[in-house]
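Structure assessment
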Amino acid sequence: MDATTLAAVEEAVPGGVSVRETDRFALAHDASHYLLIPDAIVTPRSAGEVSALLRAATAHGVPLTFRSGGTSLSGQAGSAHLLVDTRRRFTGLEVLDDGQRVRVGPGVTVRAVNTRLARYGRKLGPDPASEAACTIGGVVANNSSGMACGTEQNTYRTLESAVLVLPSGAVVDTARPLAHPELAAGLLRLRDRVRADPRSVATIRRLFALKNTMGYGVNAFLDHDDPAEILLRLVVGSEGTLAFVASATFRTVPLHPHRATGLLLFEDLYHATEALPELISTGLRTIELMDAASLRVAQQDPRADATLRAAQVDRHAALLVEYQESTPDELAARVEAGAPVAAGPVSLTTDASARAALWQIRKGLYAAVAGNRPAGTTALLEDIAVPVEALAGTCTDLIRLFDAHDYHESVIFGHAKDGNIHFLLNETLDETTRYERFTEEMVQLVLDAGGTLKAEHGTGRIMAPFVRRQYGDELYDVMVEVKRLLDPAGVLNADVVLTADPGAHVRHLKTNPPVEEEADRCVECGYCEPVCPSRDLTLTPRQRIVLRREIARAEQNDPALAARLNAEYTYDGVQTCAADGMCQTACPVLIDTGQLVKRLRAEEGSSRLWTTAARHWKAVTRTAAFALDVAQSVPPTIPEATTKLARRASEAVPLWTADLPRGGPPRRDLTAADADLVFLPSCVGSMFGGAAEAFLALCAQAGLKVRTPTAVASLCCGTPWKSKGQLRGYAEMKRRVVPAVREASEDGALPVVIDASSCTEGLSEMVPVIDAVRFTRENLLPHLEIRHRLPSLTLHPTCSSVRLGLDADLAAIANAIADEVRVPDDWGCCGFAGDRGMLHPELTASATAAEAAEVTAHPTTAYASLNRTCEIGLTRSTGRPYRHVLELVHEAVTAPE
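Presented here is an overview of the structure given in this document. (Residues numbered from 1 in each chain as written. Predicted model: local features only at pLDDT ≥ 70, side-chain atom pairs only at ≥ 80, totals over all residues. Heavy atoms only, no water.)

1. Points about the overall build of the chain
Each helix and strand counted, the chain has 42 helices and 25 strands in total. Principal axes of the C-alpha set define a box for the chain whose edges measure 90 × 70 × 55 Å. When the 897 residues of the chain are sorted by exposure, 60% land in the buried category. Within the chain, contacts between residues separated by at least 24 positions form 75% of all contacts whose residues are at least 6 apart in sequence. Surface exposure of the chain reaches about 33,400 Å², of which carbon and sulfur atoms provide 52%. (Helix = DSSP H or I, 4+ residues; strand = E, 2+ residues; numbered from the N terminus. Buried < 20%, exposed > 50% of the residue type's maximum accessible area, 1.4 Å probe, protein only. Contact = heavy atoms within 4.5 Å. Areas by Shrake-Rupley, 256 points an atom, 1.4 Å probe, with all protein chains shown as cover.)

2. Overview of the packing of aromatic side chains
As enumerated under the stated definition, the model contains 11 aromatic pairs in all. For the pair F402 and F438, a centre-to-centre distance of 6.1 Å together with 25° between the ring planes defines the contact as stacked. Pair noted here: F402 is in helix α18 (residues 391-404) and F438 is in helix α19 (residues 433-448), with a separation of 36 residues, a long-range link. On the accessibility criterion, F438 (0% relative accessible area) is buried. Seen in terms of ring centroids, F695 and F775 are 6.0 Å apart; in terms of plane orientation they differ by 70°. Their pairing is edge-to-face. In this pair, F695 is assigned in helix α31 (residues 692-701) and F775 in helix α35 (residues 772-780), connecting sequence segments 80 residues apart. Looking at F775, the relative accessible area reads 5%, which means it is buried. Here the aromatic residues F402, Y407, F423 and F438 are joined through ring pairs into a cluster of three or more. The aromatic ring of Y156 is capped on one face by R233, whose charged end is 5.7 Å from the ring centroid. Seen from the ring of Y569, R548 lies directly overhead, with NZ or CZ sitting 5.6 Å from the centre. (Phe/Tyr/Trp six-rings, centres within 6.5 Å; stacked < 30°, edge-to-face > 60°. Lys NZ or Arg CZ within 6 Å of the ring centre and 35° of its normal.)

So far we have only geometry, and geometry alone does not tell us how the molecule works.
Structure (structure tokens):
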């Protein structure tokens, strides 16, 4: 991009333009198999800045593409010119009319919207499997549907209005009459043209009776008369080629809380699809198809249904079915009526955990299947729909095509109730002849069956060359006129939806060379990104992995580029990673990018200082506590200035700030001969204060005797060393901890309890251990008298509590001591990560920004978590005093009557 154009873009979006190579390569990757490296990344803050940006792009003839969640599979979110990031800034969310409607910015995920709506008993109509990561911008741009919504509750049907920014820079609210006479006249002219052609009308009726995201939504010309409504419906599914959606207002649908789910096994794919018409007649809300290859991959997921994991899968296929109703009685009646038809070896279940295990199979299936692909190959996911009565034959013919073109590991799965299936191919993409031949035959197969080549993933680049073939010349020309009317300069997302290039689907293909074990299974789906604490500061887990791939590629082709990327990766990729493991909780193939980062830290070499610290940990913790006490006793400018000066020499020096607490008490040895449990108080509590004394007091009140390991003040869970990659120090600490704990617990005869969730997680890798919160819920709370209840309490779960499954225990304790318990909707990992919040306070500030805003907007009587450093981080970001929940329990028990 020339300097003049770049200057115009920077003027339009001041401070929101980056040409840094790390940013450009990181944002270039999405879930598709296409890759274009943009000249610049633009992050506008408002519709006004988007308007200015579009005017600048049109004036200088520079194309641009909008990108948000990056879950796109068809290649519609990439650009070799300007890539506009709409995820970070457009995050407004307003619930209207007691949940009947909701107004949302394009950067908000579907899950976040549904979390807000759940308390009203409502949800969005579209329910894509990627709901945890896909955003409203993509939902509108691709006319998202999903597993249950069909064509009745998809985006097209449930979107009420939107604020659009047109390529001209005009801002249009479709809730109002369209105040652009030429545009209105052009839309009405095209409406009348379509309606006057019986063949066009018949084609539209046939194709849009199915799930159909191929081409533009020309059904708008039949469904609506008003120009503003026609414009809105044309923008739905237009994949960012006609306008920018600055906000969208949806009519919501009822959230049916009572559900019965089951997995029906069939001897083969043909028999499963043949059973569909009768199953549909029973009123099932979802019927999800999985072939034998899909089932075999799903069996490898430890979170999947136990019955499936034990099944002997040969040529089998399965249908995951679910009834959804508003009341238990309605559900029971529905299940009873459908029982004779839906009979199978697996009965329907209403148990929440069992249902979650079944849905785990389906929701992560694409990424799980793709994650098991051969090394060096790329997963290509196709998406079609045919009339339900043609589905069995279409699946049979697809399998024949797989065999004919040597795609032997291909799988078929999808939304069988709607005749909508996905199939996945593994290709190297170094040579595309086989893929092109297969695509040609597949296109003809689907069109001969009366189907659509894209049901819900959008046309993208992958099917743009075949739009004319599906619709015919007349409707294709109408689509060309739509594009010309709204985007005469052609600046929005060129070669997406419509293209004059018959080979556009095999250009700009992304290859995935093997890099390293932790990264190679990643399919770049982006499911990990919403839970990453550094997502709005530096990189996400997906971006950390793709940059490793780009560095490896550059090392072969451009060593200078590799050196620059490596230099920037030190801060972006390594130093600002919390290594909290939350990415693994969202990853369909269970990649913990934090483990990759820890290995990279370890490769920098073990520090003799940290190994020495492991041998003298008691002295280290007491020195830290003493330093905190001293810092609190002198003017705050002195310790702050001192640590800032020391950080100039080494960023390994923590930054002292006035919000840090005084030092904690020393850990004392307890030697009860007839102990009921072993307690290992966290060293974090010794340094910063914590819940140890409160826990011991609760044990005493419950009549339990406590013992600590010998020389407990010198022991640690090992997390500080492991997270920093200090493997020698970790090994030294493990060598000390394991025998001490085994001796104290009488080789595991006594439970071992620790009072900080991150320490529980760390110690569990050495010896069996139970968190103090769970121990309190199970063993202490039944024996305690709560004498004082808090009116309200805000909770902050931690990344460790999620990974350990402690959140239910935390909630139970909170509800025992408070009348109202609130977990912020925008809760997430605080990014404090031991000392990371003192080394890089900007990480915690970014990670907690949304949660802090919500907490300060809804004040409560008290604030609690279950990990000391997290409590420090949340106190810093919110200005509210967070404490360990067990301290509050102790106060509730000891309060005067």
